[in-house]
Each structure stands twice: as C-alpha cells, then as structure tokens.
Amino acid sequence: MTQANHTVEKIGGTSMSRLGELIDTLIVGDRGNDLYGRVFVVSAFGGITDLLLEHKKTGEPGVYALFANASSDQAWSDALTRVHEAMVSAHEAVLTDPADRDFAENFVRERVEGARNCLIDLQRLCSYGQFRLSQQMGIIRELLSGLGEAHSAFVAHLALRRAGVNARFVDLSGWRDEAEHSLDSRIESAFSGVDLTSELPIVTGYAQCAEGLMNEFDRGYSEVTFSRIAALTGAREAIIHKEFHLSSADPKLVGAENVRKLGHTNYDVADQLSNLGMEAIHPSAAKTLRQSGVALRVANAFDPGDPGTLIDSCEADEPAAEIVCGIDVFALELYEPDMVGVKGYDAAILEALTRHDVWIVSKTSNANTITHYCDGSLKALRRVERDLQAKFPNAEIRIQSAAIASVVGRDLTGLKVLSRGLAALTEAGLDVIGAHQTSRRVDVQFAVAREARDTAIKALHDAVISPPQNERRLSAVQAA
C-alpha cells in the first residue's frame, strides 16, 4: 500500500442508510484535492444485520437464529429471502443508474444464494451422525455477518464511482477465499497495491480471519476491524461517524439547550462509557488505537463542518466533569455472616458471573456482603443465583432491579462530585441504593431504583456540569 498522511473512518449502519446524503457532504462535498487520503470502513445498511442474525434490541430471530433452531428449512430460507429483498430496497434508495442497480442486484443474488446453498449443504451433511451442526454455528454466524457489510461496501463504491470518485471495493469477508488468514494478514493482503493518494478504499466492516471475530467480539467486530486497519496502515487519525455529537448527556433527558459537546477527552473516559453501555468505541478497538498511538475522533456524520470530539491519551488541563450517563442493571447481593476472614467468596461469584456471560458494571463489599451491579438478563442472573446458593447454602442471595447513574471525567479531583451528587439526588427526592468512587477520580457511580435512572441523570447533570465550566473547557480545546 502506498503510504500517505491518511485517516481511517468508520460509518455505522444507521448512517449508511443515508448514504446519498453522506456522499454529497461528508465523503465528497466540496473537498476538491482533499478527496483522497482516507479509508472508509462501513457497516451493513441499517437493519440488515438484524435480519441476518437476530434483532439487537428485541431478540427477534433472523436467519441465523432460525437456522440454529430450525424445525423446518422453510423458516430460515424465507428469512434469507427477506434479507435479499431488504438489501435490494437499501441499494435502490442509493443507486439511481440502472446499470449500477443491475450490478448490485447480481452481487446480492450471488452472495445470498451462495449462502443459501451453503446452509442447505451443511444441513444435509449434518443429517449424518458423525457431523454436528452445533460445531459449525460459529462459522455460520461469520458467513451471514459478512453478507451485510460486503453488500453495503460494494454499493457505496458503485455510488461513489458514479459520482466521479476513484473508489475501490476492499472485501475482507473472505468470500470464496480458500486461503487461511489472520486478521492482520487479511488486511495487509487486501491493502497491497492500494494507492491512498489516488484511490478511496471502501472496506467491509467484517473481516474473515482465523481468530474468528464473531466468536470474541460478536457484533462489535466492525469497530475491531476499523481499529486494526488504522493501526496497521499507520493512520494519522481514526474517525467514527455517528448520528450525533458525543455530548455531556442525552439531550432528550436534560434538554438540548443544556448539553455540551465534549470536544476533547481521553481513552480512560471512553472505557468508562463502554462499561456503562454507552460505547463511543468498542473497548477492544480503543485498546488497539491507544497502544498504536492513534487518536480517535467521534464526529457527527451529518454535521461535517464540526470537528467533533477528539479522544486521545492526554490528561485534562484542569479537573472537570464531562459526561453523565446511566445504565439499567441488576444488583446481585450475597450476604453471608460467616464470610468475615474467609477467602473464596468473591472468586466464586466472579466465576459464576463469567460462566453465565453476565457483565459486571460495578461492585461494592463490606465484611459480610458482596454486591455486584450487573448488565445481563434476569434469566442469566437466576442461574448465577442457583449456582451460588448450591455452593454457599447458608448465604442469603438477593437480586434487585436497579440502575446506575454515573458522572465521568478525565479528572474529577477536588470537584466533590460524590457529595454534590448525593445532595442533588436527595433534593430530587431519590433514594440512593449505593454510591461508589474510585481513587483514580475518573468516575463516580450512584445506584438508584431503575425507574429513577433518567431523573438521576438530569439531577446529576444539573449539579456537576454547569454551562460556564464547559464553555471554558470547550473554548480551550478549540483554541488549541
């Protein structure tokens, strides 16, 4: 690959569904000679991955889930047909030239029917006792995931070429590739011969590799691919284009007139946000960028004139609360009078939570009680409860729905966020279940009743993020 002072930029699925707008503004616009020196990594068009796998929020089964639990071939096959139709609808909303539409239709037909034949053959093979379908489900999930990103990248490159851009389709999905690649070798092979000074690569967010991205990162794979491309190609900057600015709180909760764009923060804050389910970037992707010395910028895809928020490894110039956010959790409390001075309780709880794939958001403990605030299903928590009750029959175990509202900043030293937050929540009429502050002073967490989460976020934002403080900080960032 011809090296350049380039950026690697990620476009999510919701934004991809407005690709026509992005081409006119973000990608082409009036950039002139600045058109190249960029790499775009794209997600599938909005809703396509939900149809291929399962709905991310509701859990409604897609092709993968229907195939995994198939009582007949018809259900998953019909779902795959719906994927085909949705893909066609998506690219017809973007492509206006008949020839481009034909190219896209042929591309979808080849990929979808190829996947259908693969699944039929696999079902037939697994009808023999020596083969187990369960052993192949991870590969099937990878196969289906790659369809969405390959389609969106191919369509984007067609649309850009029609707009006069020398776009290049870079397919990392491994379609019909018999070679075995690691993620790094897959990327390096695909980018060999790419000239960033005269070509605009449009890259699939899914990359087929020996490590199996879905197995470890599931639907966070596109950001992992994006960050690895940025690291391997020595990007000047990595940029994620979202549908909003990274702000001090959700404008719907605290009022659009009260929120402030962050402007500048660091990877420490990004990690705290990921822990609270508000991902600026997948934590594994952030780790790759941080270790490679590549700064991340989170920008609003539909406000291309705004620089967005820069995330790097720099410390704050002065203490400041930067963002307030929250997450619904379950509080898993284990009380055991005989715990004092006895080792093993904490390790057993962690092992059970890990085994049942429950994410730990926060934790508190005292002499005889350990409480974990967890992000997971109640069903999974009940399994954890049964395991722990069997191991500690004398323990009292309680599961309670709750929420955590958190104040986050690069440096909260001297701001008295804990005391000010408690006072604000009390004034708002809320009972605080628990509060937690670490010695690093990057976040303060308040556990409240689940129905009080939004009220708590607003109260904390009003109390610790004042407009004058943020105005000063943003002015300093912009001046820099």
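Our subject is the structure that appears above.
Here is what the cut-offs are and how they apply
Residues numbered from 1 in each chain as written. Predicted model: local features only at pLDDT ≥ 70, side-chain atom pairs only at ≥ 80, totals over all residues. Heavy atoms only, no water. Helix = DSSP H or I, 4+ residues; strand = E, 2+ residues; numbered from the N terminus. Buried < 20%, exposed > 50% of the residue type's maximum accessible area, 1.4 Å probe, protein only. Arc of directions from axis to C-beta. Contact = heavy atoms within 4.5 Å. Salt bridge = Lys/Arg side-chain N within 4 Å of Asp/Glu carboxyl O. Pairing = 2+ DSSP bridges. Axes fitted to C-alpha atoms, helices over the stretch in contact; angles between N-to-C directions. Phe/Tyr/Trp six-rings, centres within 6.5 Å; stacked < 30°, edge-to-face > 60°. Lys NZ or Arg CZ within 6 Å of the ring centre and 35° of its normal. Parallel < 35°, antiparallel > 145°, perpendicular 65-115°, else oblique. Nonpolar A, V, L, I, M, F, W, Y, C, P; charged D, E, K, R; others polar. Left-handed = near helix turned anticlockwise from the far one by under 90°.

Draft legend 1. Structural detail: the environment of V342. Structurally, V342 is set in the loop between β9 (323-335) and α14 (345-355). C-alpha separation for the pair V342 and N368, spaced 26 residues apart in sequence, amounts to 9.8 Å.

Draft legend 2. Molecular detail of helix α13 (residues 283-292). Along α13, the positions that sit buried rather than exposed are A285, A286, T288 and L289. Looking straight down α13, one finds its buried side chains confined to an arc of 160°; they lie on one side. Looking at the buried residues of α13, the elements they touch are α10 (221-232), β5 (237-242), α12 (267-275) and β7 (295-300). With its phi angle positive at about 75°, G293 sits one or two positions after the end of α13.

Draft legend 3. Molecular detail of the pattern of salt bridges. Within this structure, the stated rule accounts for 28 salt bridges. One salt bridge in this structure joins D268 and R440, with 2.5 Å as the shortest N-O distance. Taken as a pair, D268 in helix α12 and R440 in the loop between β13 (432-437) and β14 (443-448) lie far apart in primary sequence, 172 residues in all. Since its relative accessible area comes to 54%, R440 is described here as exposed. Ionic pairing is found between D346 and K363, a salt bridge with its closest N-O pair at 2.4 Å. In this pair, D346 sits in helix α14 while K363 sits in strand β10 (residues 359-365), placing the two residues 17 residues apart along the sequence. Its relative accessible area of 25% is what places D346 among the partly exposed residues. Beyond isolated ion pairs, a larger network of salt bridges with shared partners links D50, E54, R141, D218 and R219.

Draft legend 4. Fine view of the sheet that holds β9. With respect to topology, six strands assemble into an open sheet ordered β10-β11-β9-β12-β14-β13, the strand pairing being antiparallel. The strands lining the two open edges of the sheet, one partner per strand, are β10 and β13. Strand-to-strand twist of the sheet, defined as the mean angle between neighbouring strand axes without regard to direction, takes the value 30°. Note that β13 and β14 share five bridges and pair antiparallel. Looking across to β14, one finds that G434 is bridged to A447. The sheet contacts of helix α15 (residues 378-391) involve β9, β11 (369-375) and β12 (396-408), and relative to β12 the element is tilted by about 130°. Each of β9, β12 and β14 is contacted by helix α17 (residues 453-464), which is oriented at about 125° to β9, the strand it contacts most.

Draft legend 5. Focus on the packing of aromatic side chains. Considering all chains together, one arrives at six aromatic pairs under this definition. Here the aromatic rings of Y206 and Y221 are separated by 5.6 Å at their centres, their planes lie at 90°, and the arrangement is edge-to-face. Here Y206, found in the loop between β4 (200-204) and α9 (213-217), pairs with Y221, found in helix α10; they are 15 residues apart in sequence, far enough to count as distant. Residue Y221 is classed as buried on the basis of its relative accessible area of 2%. Plain terms: the ring middles of Y345 and F392 are 4.4 Å apart, the flat faces sit at 20° to each other, and that makes the pair stacked. Note that Y345 is positioned in helix α14 and F392 in the loop between α15 and β12, a separation of 47 residues in sequence. Exposure class is identical for Y345 and F392. Each is buried. Between the NZ or CZ atom of R18 and the centre of the ring of F302, over which it lies, the distance is 3.6 Å.

Draft legend 6. Structural context of the packing of α10 against α13. Close contact between α10 and α13 brings their axes to 8 Å; oriented N to C, the two are set at 10°. Comparing the axis directions of α10 and α13 gives the class roughly parallel. Along its contact with α10, which presents E223, V224, F226, S227, R228, A230 and A231, the element α13 presents S284, A285, T288, L289 and S292. Of the residues contributing to the contact of α10 with α13, the split by class is six nonpolar, four polar and two charged.

Draft legend 7. Structural view of the side chain of R111. Along the chain, R111 turns up in helix α6 (residues 98-125). Discounting residues that sit within four places of it in the chain, R111 has contacts with L147, A150, D171, S173 and W175.

Draft legend 8. Region of the structure containing the pairing of strand β8 (residues 309-312). Neither face of β8 is open: one carries T309 and I311, the other L310 and D312, and all of them are buried. Where strand β6 (residues 264-266) lies against β8, three bridges are found, and the strand directions are parallel. If you follow T265 over to β8, its bridge partner there is I311.

Draft legend 9. Quick peek at the sheet that holds strand β3 (residues 167-170). Overall, mixed pairing links the eight strands, which are arranged β3-β4-β2-β1-β5-β7-β8-β6 in an open sheet. One side of each edge strand has no neighbouring strand; the edge strands of this open sheet are β3 and β6. On average, each strand axis in the sheet is tilted by 25° relative to the strand beside it, whichever way the strands run. For strand β2 (residues 38-42) and β4, the ladder comprises three bridges, and the chain directions are parallel. What sits directly across from V42, in β4, is T204. Taken strand by strand, α10 contacts β1 (7-11), β2, β4, β5 and β7, and its axis lies near 170° from that of β1.

Draft legend 10. Layout of the packing of helix α5 (residues 73-92) against α6. For the pair α5 and α6, interaxial distance at closest approach is 10 Å and the crossing angle is 165°. In terms of axis orientation, α5 runs roughly antiparallel to α6. Of the two possible hands of crossing, α5 and α6 adopt the one that is right-handed. Note on element contacts: α6 touches α5 through R101, A104, E105, V108, R109, V112, E113, A115, R116, L119, I120 and Q123, opposite D73, W76, S77, L80, T81, H84, M87, V88, H91 and E92. Counted by class, the contact of α5 with α6 contains 10 nonpolar, five polar and seven charged residues.

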